[in-house]
Amino acid sequence: GAVVSQHPSWVICKSGTSVKIECRSLDFQATTMFWYRQFPKQSLMLMATSNEGSKATYEQGVEKDKFLINHASLTLSTLTVTSAHPEDSSFYICSAIEGGLAQETQYFGPGTRLLVL
Amino acid sequence: AQTVTQSQPEMSVQEAETVTLSCTYDTSENNYYLFWYKQPPSRQMILVIRQEAYKQQNATENRFSVNFQKAAKSFSLKISDSQLGDTAMYFCAFMKNNDMRFGAGTRLTVKP
């Protein structure tokens, strides 16, 4: 149980284009989802927290207009990198909290590698 | 803000031996959660073990156990009978009110 998927697993795009990454909880309802960014050989940095049906809460220094987050249902959250530039190239990971007995435990997706040329 | 410190960037251990990874954290909170996550080369984050701060008993999951010292704000992970598949990055994490903060990670290599 508690499986989280991400799509796509990797994407290459041209500078200036927008990229959408999907995060789905497959076998549970995720009351809260999180988006992280991880640079090579570094730890995970929280970008934003999203709750179903409400606006995401962004961490300091994360551009809201650059990284659009939509949590439209209890099983789906999307991250759209708008007007991507090479410095946006990174590994993006989502996670979700199950709204049941296993609260306070985040289950992570497999991540999405983004390369902006 | 809570901070998590992992002072060992890299460690190695022989197969079948025991290794301990250290983690300390700084918080003024009394109730919170602590985690160890494993990130193998595939980069999938895998939950290893979870500890509720209000529980005095140390969490155990098969070969993995923790030494939770609340007063010292220490949360070390012990891996017994190390296996080659344990080779990975290990991240210690602190969580309060859905806000999770990670340490810098420890790269563990299990040698045959």
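Note that the structure is predicted; figures quoted are calculated from it, not measured.

A. Layout of the overall build of chain A. Each helix and strand in chain A was counted, giving 0 helices and 11 strands. Listing every helix and strand of chain A by position from the N terminus yields β-β-β-β-β-β-β-β-β-β-β. By the compact-globule yardstick of 13 Å for 117 residues, chain A fits well, its C-alpha radius of gyration being 13 Å. Taking the principal axes of its C-alpha atoms as reference, chain A extends roughly 45 × 25 × 20 Å. Accessible area for chain A stands at about 5,700 Å²; split by element, carbon and sulfur atoms hold 53% of it. Averaging the positions of the 9 positive and the 10 negative side-chain charges in chain A gives two centres separated by 9 Å.

B. Representation of the interface of chain B and chain A within the structure. Of the residues lining the interface, 22 residues belong to chain B; the matching set on chain A comes to 22 residues. Counting each side, the surface lost to burial between chain B and chain A is near 1,700 Å², with a carbon and sulfur contribution of 49%. At the boundary of chain B with chain A, the tally comes to 1 salt bridge. The residue glutamate 59 of chain A makes a salt bridge to arginine 101 of chain B at a minimum N-O spacing of 2.9 Å. Remark: the boundary between chain B and chain A carries 8 residue pairs in polar contact (both at pLDDT 80 or more). Listed by contribution, the elements that provide at least two residues to the side of chain B that touches chain A are β5 (33-39), β6 (46-52), β10 (88-96) and β11 (99-102) of chain B.

C. Here's a closer look at unusual backbone geometry. In this chain, histidine 7 of chain A is followed by proline 8 of chain A through a cis amide linkage whose omega measures 0°. In this fold, proline 8 of chain A is placed in the loop between β1 (4-7) and β2 (10-13). Residues other than glycine seldom take positive phi values, yet asparagine 62 of chain B does so here, at roughly 55°. Tracing the backbone shows asparagine 62 of chain B in the loop between β7 (60-61) and β8 (64-69). Residue classification places asparagine 62 of chain B among the exposed residues on the basis of a relative accessible area of 75%. Located in the positive-phi region is aspartate 81 of chain B, a residue other than glycine, with phi close to 50°. Position of aspartate 81 of chain B among the secondary structure elements: in the loop between β9 (74-79) and β10.

The rules behind these values
- Residues numbered from 1 in each chain as written.
- Chains lettered and ligands numbered in written order.
- Predicted model: local features only at pLDDT ≥ 70, side-chain atom pairs only at ≥ 80, totals over all residues.
- Heavy atoms only, no water.
- Helix = DSSP H or I, 4+ residues; strand = E, 2+ residues; numbered from the N terminus.
- Rg over C-alpha atoms; globule rule 2.2 N^0.38 Å.
- Areas by Shrake-Rupley, 256 points an atom, 1.4 Å probe, with all protein chains shown as cover.
- Lys, Arg positive; Asp, Glu negative; His and termini not counted.
- Charge placed at Lys NZ, Arg CZ, Asp CG, Glu CD.
- Contact = heavy atoms within 4.5 Å.
- Buried area = accessible area lost by both parts, 1.4 Å probe.
- Salt bridge = Lys/Arg side-chain N within 4 Å of Asp/Glu carboxyl O.
- Polar contact = N/O pair within 3.5 Å; in protein donor to acceptor, adjacent residues only side chain to side chain.
- Buried < 20%, exposed > 50% of the residue type's maximum accessible area, 1.4 Å probe, protein only.

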